[in-house]
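Summary of structural features
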Amino acid sequence: MVFYTDPLCCWSWAFEPQWRKLRYTYSGKVKWRYIMGGLLPNWETFNDPMNAISRPLQMGPLWLEAKYRSGMPINDRIWYENPPASSYPACIAVKAAGLQSAVAAEEYLRQVREAVMLHGKDISKWEVLRQVGHELSERSPGLLDSEQLHADMASPAARKAFEQDLQQVRLHGITRFPALTMRREGQDAGIMMVGYRPYAALEQALKQIAPDLEPIQHSTDELEHRRYWGSTTQREIEEAMKT
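Section: the packing of aromatic side chains
All chains considered together, the criterion is met by 12 aromatic pairs. Pairing phenylalanine 3 with tryptophan 19 gives two aromatic rings, centres 4.7 Å apart and planes at 50°, and the pair type is tilted. Here the residue phenylalanine 3 occupies a position in strand β1 (residues 2-5), and tryptophan 19 occupies one in helix α2 (residues 16-25), the gap between them amounting to 16 residues. Given the relative accessible area of 0%, tryptophan 19 is considered buried. Ring geometry for tryptophan 43 versus phenylalanine 46: centroids 5.3 Å apart, planes at 75°, classification edge-to-face. The burial state of tryptophan 43 is the same as that of phenylalanine 46; both residues are buried. In textbook terms, an aromatic cluster arises when at least three aromatic residues are bridged by ring pairs, as seen for Phe3, Phe15, Trp19, Trp32 and Tyr34. Directly above the ring of tyrosine 199 sits lysine 21, whose terminal nitrogen or CZ lies 4.7 Å from the centroid.

Considerations on the sheet that holds strand β2 (residues 33-36)
One open sheet accounts for four strands, arranged β2-β1-β3-β4; its pairing is mixed. Here the strands that pair on one side only, and so sit at the sheet edges, are β2 and β4 (190-194). Pairwise comparison of adjacent strand axes, ignoring direction, gives a mean angle of 15° for this sheet. Where β1 lies against strand β3 (residues 179-183), three bridges are found, and the strand directions are antiparallel. Bridge pairing in β3 links phenylalanine 3 to leucine 180.

Thresholds applied
- Residues numbered from 1 in each chain as written.
- Predicted model: local features only at pLDDT ≥ 70, side-chain atom pairs only at ≥ 80, totals over all residues.
- Heavy atoms only, no water.
- Phe/Tyr/Trp six-rings, centres within 6.5 Å; stacked < 30°, edge-to-face > 60°.
- Helix = DSSP H or I, 4+ residues; strand = E, 2+ residues; numbered from the N terminus.
- Buried < 20%, exposed > 50% of the residue type's maximum accessible area, 1.4 Å probe, protein only.
- Lys NZ or Arg CZ within 6 Å of the ring centre and 35° of its normal.
- Pairing = 2+ DSSP bridges.
- Axes fitted to C-alpha atoms, helices over the stretch in contact; angles between N-to-C directions.

Below you can see the structure in the form of structure tokens.
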């Protein structure tokens, strides 16, 4: 699976309960990687005609919609109080974390999402992104070297990795996030899902690709679920416990 997303995408954050449930349920049977989409280069060039958004204040109602439709907590007031100027720094920072490991990148992406979606932090600022990395390295020793992350954020390697992601987005004609492509290993044909979807639709798409794939595990204990993911929201727990 290839997950096209952006740290500043409210619908990607809204989709976390379903996305986490899929990865847990089919743990060890599915592989995935992330492509950073570069949702917001800057406000001088950004324009979303589908949602009638061309300036920060207009983003707030969209985040409010994502909040109420998904049930995920979202701090929509950031667009009135502390609007990010771009999502490019966060995308580059995630790719910088990926220079250490895919696991580090995934956990760092999650923490950056939490920083903006839950805590209203401006993730277009490098100092905020560095602080997120520092806190993650302290909380999970051995997962991420924060000093290396800081250095890599300014490195050509991280920027090149992000540029390659942008090329993939353009190549596949991705214009909305999240977008998820699925294909069985060794096969060229696959499925693409775009936008916020319920878990049943996600699992149905997976079954189309691999009809013989069976669930590996189900969450039945809230405490164990919290332990597995480290940080989680109530909405994610509710989705995980559904049968």
